[in-house]
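Results of the structural survey
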Amino acid sequence: MQSFEPLIIAFVCNWCTYTAADLAGTSRLTYPSNVRLIRVMCTGMVDPQYIIKAFLEGADAVLVSGCHPGDCHYINGNFKARRRIRLLKEILPQFGFEADRLQLTWIGASDGIQFTQTMRELTERTRELGPVASRSQMVF
Amino acid sequence: MQTVTMEVKNEDVADAIRTLLGRILALDEIDAVMVPGRLPGSRSVMPLLIHDPDQLDNSDPLSPAFALNAAKQVCRLTRTATPKRVAAVLRPCEIRAFIELVKLKQGLREQVIIIGSDCPGAYPNKIFDALTREGDDSGADHGYVKRPSVDESSLSKACRACEHPMPTGADLAVCLWGVDTGREVMVDAQTDSGREILDRLGLKATPLPDQRAAAVETVVAERTRFRDSMFAETAAATDSLEKLDHYFAHCVNCYNCRTACPVCYCRQCVFETNLFDHDPLQYLSWTRRKGMIKMPTDTIFYHLTRLAHMSTACVGCGQCSNACPNDIDVMSLFRTVAHRTQAAFDYQAGRDVAERPPLSEFREHEFADTAGLHWRKEA
Ligand code: SF4
Ligand code: SF4
Ligand code: FES
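Residues numbered from 1 in each chain as written. Chains lettered and ligands numbered in written order. Predicted model: local features only at pLDDT ≥ 70, side-chain atom pairs only at ≥ 80, totals over all residues. Heavy atoms only, no water.

**Considering the site of ligand 1**
Under the convention used in this document: One heavy atom within 4 Å of a molecule or strand makes the whole residue count as near it. Here a helix means four or more residues in a row that DSSP labels H or I, a strand means two or more in a row labelled E, and each is numbered from the N terminus.
Taken together, 14 residues sit near ligand 1, with C261, C314, C317, G318 and C320 of chain B positioned nearest. The set of elements that each furnish at least two residues to the shell around ligand 1 consists of helix 11 (299–310), helix 12 (319–323) and helix 13 (330–344) of chain B.

So this is what it looks like as structure tokens:
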């Protein structure tokens, strides 16, 4: 399992977490290359379908990350996202996905350091979990 | 008036209900009654929208046939306000589905007088077809039943697992359990509209019999037992992606299950749009990666997405399984997951029209451990 390099898909909102990633970059902070960022306007637009698709297509973990409560640029998208994540945490474990593979975080635009720490921690945990069981046997 | 009694003659409970419907149809403010009935010259039992009281002879309010969940048909009749109202005879799961659709603004609750009854359950289409083909007398002859008599073991699995077989949310509830149906049925008003209607029918008031609560409890306990073992079996049969793949191995992506589902509320399903007309190279890249893929693709993606989109509204009617051309037990999986997703939001589909669907609202302070990195097991 030493050689297992997880693939992590992170849906990040334009205004907060993406800006934090940008700040991390300009501050020359580094984080694991396992994480692929997908920029969305708001976490409130992340349909559960996107997350399911990411898992079925090979993601070992999915992160949704946006603004702190009160800071969402569309007022309450992050609260809607929290309900959807809560929902998926009920559905996906039924089919063998460990609940830890799906995470929601709130990382503000100025939290460059927190962004890199979160990415490191998530990569660590996913590496421990290993690949998603029996996904390779799926033919759809 | 709260509860009235209707006399049952010649053991024909269905006819007593027909008489009730006739009285309701005679009221000025009621334009028509929707009720299951036989299509003339056919064994088929479908919802009939009846205006002419003479046509009530075709109605079969206790039929064990359940060709479709009529909630969407009630929405067709109540999409906008009309001068008069309609009445509709619905199964408890049809009432629940209609309530979910009202929440989604697809029907107007106040436009319909809902008449429900204790639900003895229904046969899957195939069994009903076989029973009526043989023309035997097992309670399904020509789809016409005098008394609610069904063979429990041939009932649809959804009905055997249904722990809500009482018509909660109906304006008028026809009570069969705990009532001496050889002599009478009782009609209980559950809303103000229901009470107003009963006031005008000129029927004899009566209290509900004491033994009713215990009779209902017996049915509910039996079905809950069946349900729980169904949940356990289904969860074990799908607890990995590989097993889930096997569960849907016969699925041909026809999407009949979503067409039949009363609470799949989208006007157009994303899976039926050109978003899923992938570029040919996409399929080739998938098979290059995996070595082999099944065609058509996206089967598991479809079912998981449907679970995410509508399981909080699943009313357990079983029409998804009924509609599947390949006998996939869609209902068992959807109910198993729905039970968990509804519990997560302390929600019960169809329980109360005033409750909002869990994914259409939120609170500022809730699910504290859903946000922020939280590991189930400490590393
Ligand atoms: S998923 Fe199946 S059981 Fe649930 S409401 Fe839809 S058709 Fe009925
Ligand atoms: S009805 Fe059956 S075959 Fe058709 S999409 Fe649903 S599960 Fe698949
Ligand atoms: S804009 Fe960042 S979560 Fe809504």
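**Looking at the pattern of salt bridges**
All names here are of chain B. To keep things clear, this is the line we draw: Think of a salt bridge as a Lys or Arg side-chain nitrogen and an Asp or Glu carboxyl oxygen that are within 4 Å of each other. Only protein chains enter the calculation, and the probe is 1.4 Å; a residue is then buried if its accessible area is under 20% of its type maximum, exposed if over 50%, and partly exposed in between.
Under the definition given, this model contains 31 salt bridges over all chains. The residue D129 makes a salt bridge to R43 at a minimum N-O spacing of 3.1 Å. Residue D129 is found in helix 4 (residues 125–134), and its partner R43 is found in the loop between strand 2 (30–38) and strand 3 (45–50); the two are separated by 86 residues along the sequence. Note on D129: relative accessible area 28%, which makes it partly exposed.

**Focus on the side chain of T3 of chain B**
All names here are of chain B. How we decide: By the criterion applied in these results, polar contacts are pairs of N or O atoms within 3.5 Å in which, for protein atoms, one can donate a hydrogen and the other can accept it, and in which residues neighboring in sequence qualify only through two side-chain atoms. Should any heavy atoms of two residues lie within 4.5 Å, those residues are counted as being in contact.
Inspection of the secondary structure assignment puts T3 in strand 1 (residues 3–7). For T3, a relative accessible area of 5% gives the class buried. A polar contact of 2.7 Å, which involves the side chain of T3, links it to the side chain of D188. If sequence neighbours within four positions are ignored, T3 has contacts with M186, V187, D188, L198, K204, A205, T206 and L208.

**Description of the packing of helix 2 (residues 71–78) of chain B against helix 3 (residues 92–103) of chain B**
The relative placement of two packed helices is expressed as an angle between their axes plus a distance between the axes. Residues and elements named next belong to chain B. The line we're drawing: Fitted lines through C-alpha atoms serve as axes, helices being fitted only where they are in contact, and the angles separating the N-to-C directions of these axes extend from 0 to 180 degrees. Convention used here: angles under 35 degrees read as roughly parallel, angles over 145 as roughly antiparallel, angles from 65 to 115 as roughly perpendicular, and any remaining angle as oblique. Note on convention: near helix rotated counterclockwise from far helix by under a right angle means a left-handed crossing. Clockwise means right-handed. Put simply, Ala, Val, Leu, Ile, Met, Phe, Trp, Tyr, Cys and Pro go in the nonpolar bin, Asp, Glu, Lys and Arg in the charged bin, and everything else, Gly too, in the polar bin.
One can describe the packing of helix 2 onto helix 3 by two numbers: an axis separation of 8 Å at closest approach and a directional angle of 50 degrees. As judged from the angle between their axes, helix 2 and helix 3 are oblique. With respect to the hand of their crossing, helix 2 and helix 3 are arranged in right-handed fashion. Contact residues: A71, K72, V74, C75 and T78 in helix 2; E94, A97, F98 and L101 in helix 3. When the residues that make up the contact of helix 2 with helix 3 are grouped by side-chain class, the tally is 6 nonpolar, 1 polar and 2 charged.

**Describing the domain arrangement of chain B**
For an interface, size is often stated in terms of accessible area lost upon the parts coming together. Residue and element names in this part refer to chain B. Applied cut-off: Domain ranges listed in this record stem from an automatic or a database domain assignment. Two parts placed together each lose some accessible area under a 1.4 Å probe, and the buried area is that loss summed for both.
Parsing chain B into structural domains produces domain 1 (2–225) and domain 2 (234–344). One C-alpha centre belongs to domain 1, the other to domain 2; they are set 31 Å apart. Contacts between domain 1 and domain 2 engage 21 residues on the former and 19 residues on the latter. Both sides of the domain 1 and domain 2 interface together cover about 1600 Å² of buried area, and 47% of this is carbon and sulfur. On the domain 1 side of the contact with domain 2, K72, K157 and A158 bury the most area, a combined 27% of that side's loss. Counting across the domain 1 and domain 2 interface gives 3 salt bridges. Applying the counting criterion to the domain 1 and domain 2 interface returns 12 residue pairs in polar contact (both at pLDDT 80 or more). Contributing elements (two or more residues each) for the side of domain 1 that touches domain 2: helix 2, helix 3, helix 4 and helix 5 (157–160). If one sorts the elements of the side of domain 1 that touches domain 2 by residue count, helix 3 sits on top with 5 residues. Of the residues assigned to the side of domain 1 that touches domain 2, the class counts are 12 nonpolar, 3 polar and 6 charged.

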